[in-house]
Amino acid sequence: MPEATVYFVAGERSGDDHGAALLKALRARVPEMRFLGRGGPKMRSLAGGKFRDWIDDTAVVGLWEVIRRYPFFRKQFQATISEIAAVKPSAVVLIDYPGFNLRLAHALHLKFPELRIIYYISPQVWAWNRRRVSQMAQSIDLMLCIFPFEPELYKASGLRAIFVGHPIMSVVPSGNAAPPRDDQLVGLFPGSREREVKKIFPVMRQAALELSHQNRDLRFVVSAASEPLAELIRGDLYSKQATGKFSIATGDARSVMGRVNVGMVASGTATLEAALSKLPFVLIYRVAWLTYLAARLVVKVKYLGMPNVLANREIVPEFIQHKAQPRAIAAAVARLLTDKTERSQMLTDFACVAQKFGRGEAGVNAAEAIVTELRHAG
């Protein structure tokens, strides 16, 4: 595959992680392949050259924040198209980040109809706008799916789709035995974005204090995705004079999931990670009311947590928005700490969810699919 150039677009830290694994796998197969585009520090370190690290500016959450920064995103959108026009890559690989990347795919298809457009980490349109699948089929050549039920959904609209596995399967422990856990330790996982932590951690902290009133031996560890978020959490605990019962672990969520007995987990990939780590947990989520109301208008699934979506029933209690009340959350966590039957049933349900994924590395499978696509296109 001489002089193959691939342009990548990832806009969040998770996309940078997935993109870095993909770049490693591609380089192992095609050492001479050139990588250009936009992503984070991990992708840039592998790609080198003019690859842009932009995710500190692009990783936003919430409708209002996107609206407020619309001029910035519009400028970056046009700049990305201009870069692709100048580079003339063999293919463009879009990694997650659907608010930006789906629009980019449409614009690129109109402007460069011969350009191969591949999407990795398929956007969860089945949750919020299934009609968009037919629109995607017109602009995307190949969809690389991370959930086993997605290819059939896409293929029904004429979009070629392949299940490559979920990236999380390569980083969670395998095997049937649950890890040894500290009976008196509860984990708090408030999310990886500042806005999430500000909304969700105070609810988790209050639920933890409710639990502490019931059982003085309980201890709590908070998983902070970064040092700035750890500082934010410390400030919250200090302001409420609640530092004594809490410790903070920075950038080590999987290790924390392996030690604690029960978790409180913000909605997102961490819910699937907890399930695959065999950690009983409850799901908590709060966003700005404008964002929540907008989401209610478009979200088409019953559940927010991916383990519940995959099981098609609530195997994990969900406390969302106005239902995220500390006393109710504390009661649910207490049951998972003391009720062996409820705990065992949740772990059995998690095992059923895990079986849907099989094993194997998503990045390796995605790289193989991309190389095959480029060879056929050439």
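Here goes a summary of the coordinates provided. (Residues numbered from 1 in each chain as written. Predicted model: local features only at pLDDT ≥ 70, side-chain atom pairs only at ≥ 80, totals over all residues. Heavy atoms only, no water.)

### Considering the overall build of the chain
The helix and strand inventory of the chain stands at 18 helices and 13 strands. With 378 residues in all, the chain has 50% of them scored as buried. Long-range pairs, those at least 24 residues apart, make up 70% of the contacts in the chain between residues at least 6 apart in sequence. When the accessible surface of the chain is split by element, carbon and sulfur atoms take 51% of a total near 17,800 Å². (Helix = DSSP H or I, 4+ residues; strand = E, 2+ residues; numbered from the N terminus. Buried < 20%, exposed > 50% of the residue type's maximum accessible area, 1.4 Å probe, protein only. Contact = heavy atoms within 4.5 Å. Areas by Shrake-Rupley, 256 points an atom, 1.4 Å probe, with all protein chains shown as cover.)

### A word on helix α16 (residues 326-338)
Across its 13 residues, α16 extends 18 Å between first and last C-alpha, which sits within 8% of the 18 Å expected from 1.5 Å per residue. Of the residues making up α16, those classed as buried are Pro326, Ile329, Ala330, Ala332, Val333, Ala334 and Leu336. Turning to α16, the residues buried within the fold contact β8 (185-189), α10 (194-214), β11 (262-266), β12 (281-285), β13 (318-320) and α17 (340-355). (Expected span 1.5 Å × (residues − 1).)

### A look at unusual backbone geometry
Phi at Asn312 is positive, roughly 60°, even though this residue is not glycine. The residue Asn312 is located in the loop between α15 (306-311) and β13 in this model.

### Describing the pattern of salt bridges
Inspection of every chain in the model, using the stated rule, returns 18 salt bridges. Here Glu368 ties to Arg29 by a salt bridge, and the two come within 2.8 Å at their closest N and O atoms. Here the residue Glu368 occupies a position in helix α18 (residues 362-377), and Arg29 occupies one in helix α1 (residues 13-29), the gap between them amounting to 339 residues. Linking Glu210 and Arg327 is a salt bridge whose minimum nitrogen-to-oxygen distance equals 4.0 Å. (Salt bridge = Lys/Arg side-chain N within 4 Å of Asp/Glu carboxyl O.)

### Focus: the side chain of Glu373
Looking at the secondary structure, you find Glu373 in helix α18. Assessed through its relative accessible area of 5%, Glu373 is described here as buried.

### Side note on the pairing of strand β2 (residues 34-39)
With 5 of 6 residues buried, β2 is to be regarded as a mostly interior element. For the handedness criterion, the β-α-β arrangement of strand β1 (residues 5-10), α1 and β2 is classed as right-handed. In this sheet, strand β3 (residues 52-53) lies alongside β2 in parallel orientation, the contact comprising 2 bridges. By the bridge assignment, Arg38 is partnered in β3 with Arg52. Read as a crossover between parallel neighbours, the route from β2 over helix α2 (residues 41-47) to β3 is right-handed. (Right-handed = clockwise from strand over helix to strand, strands pointing away. Pairing = 2+ DSSP bridges.)

### Description of α17
Residues separated by three or four positions in an α-helix point in the same direction, a consequence of the helix having 3.6 residues per turn. For α17, spanning 16 residues, the distance from its first C-alpha to its last is 23 Å, which sits close to the expected 22 Å at 1.5 Å a residue. Those residues of α17 that are buried are in contact with β11, α13 (269-276), β12, α15 and α16. The opening residue of α17, the one whose side-chain oxygen lies 3.0 Å from the backbone nitrogen of Thr341, is Asp339. (Polar contact = N/O pair within 3.5 Å; in protein donor to acceptor, adjacent residues only side chain to side chain.)

### Comments concerning the sheet that holds strand β5 (residues 116-120)
The strand order across the open sheet built from 7 strands is β3-β2-β1-β4-β5-β6-β7, with neighbouring strands paired in parallel fashion. Sheet topology places β3 and β7 (161-163) at the edges, where each strand pairs with a single neighbour. Note that β5 and strand β6 (residues 142-145) share 3 bridges and pair parallel. Residue pairing for β6: Ile118 is matched across the bridge by Leu142.

### Considerations on the packing of α1 against α18
Put simply, α1 and α18 touch, their axes get as near as 8 Å, and they point 50° apart. With respect to each other, α1 and α18 are oriented oblique. Between α1 and α18 lies a crossing of right-handed hand. Side by side, α1 and α18 meet where Leu22, Ala25, Leu26 and Arg29 of the first sit next to Gly363, Val364, Ala366, Ala367, Glu368, Ile370 and Val371 of the second. A breakdown of the residues in the contact of α1 with α18 according to their chemical character gives 8 nonpolar, 1 polar and 2 charged. (Axes fitted to C-alpha atoms, helices over the stretch in contact; angles between N-to-C directions. Parallel < 35°, antiparallel > 145°, perpendicular 65-115°, else oblique. Left-handed = near helix turned anticlockwise from the far one by under 90°. Nonpolar A, V, L, I, M, F, W, Y, C, P; charged D, E, K, R; others polar.)

### Things to note about the environment of Ile370
Topologically, Ile370 is positioned in helix α18. Accessibility expressed as a relative area gives 0% for Ile370, which makes it buried. Considering only alpha carbons, one finds Ile370 and Leu142, 228 residues apart in sequence, at a separation of 8.8 Å. Setting aside residues no more than four positions away along its own chain, Ile370 makes contact with Leu22, Leu26, Val93, Ile118 and Leu144.

### Structural notes on the pairing of strand β4 (residues 91-95)
Most of β4 sits out of view: 5 of its 5 residues are buried. Of the two faces of β4, the one carrying Ala91, Val93 and Ile95 and the one carrying Val92 and Leu94 are both buried. Here β1 pairs with β4 via 5 bridges, running parallel. Residue pairing for β4: Ala10 is matched across the bridge by Ile95. Bridge analysis of β4 against β5 gives 5 bridges, and the strand direction is parallel. From the neighbouring strand, Leu94 faces β5, where its bridge partner is Tyr119.

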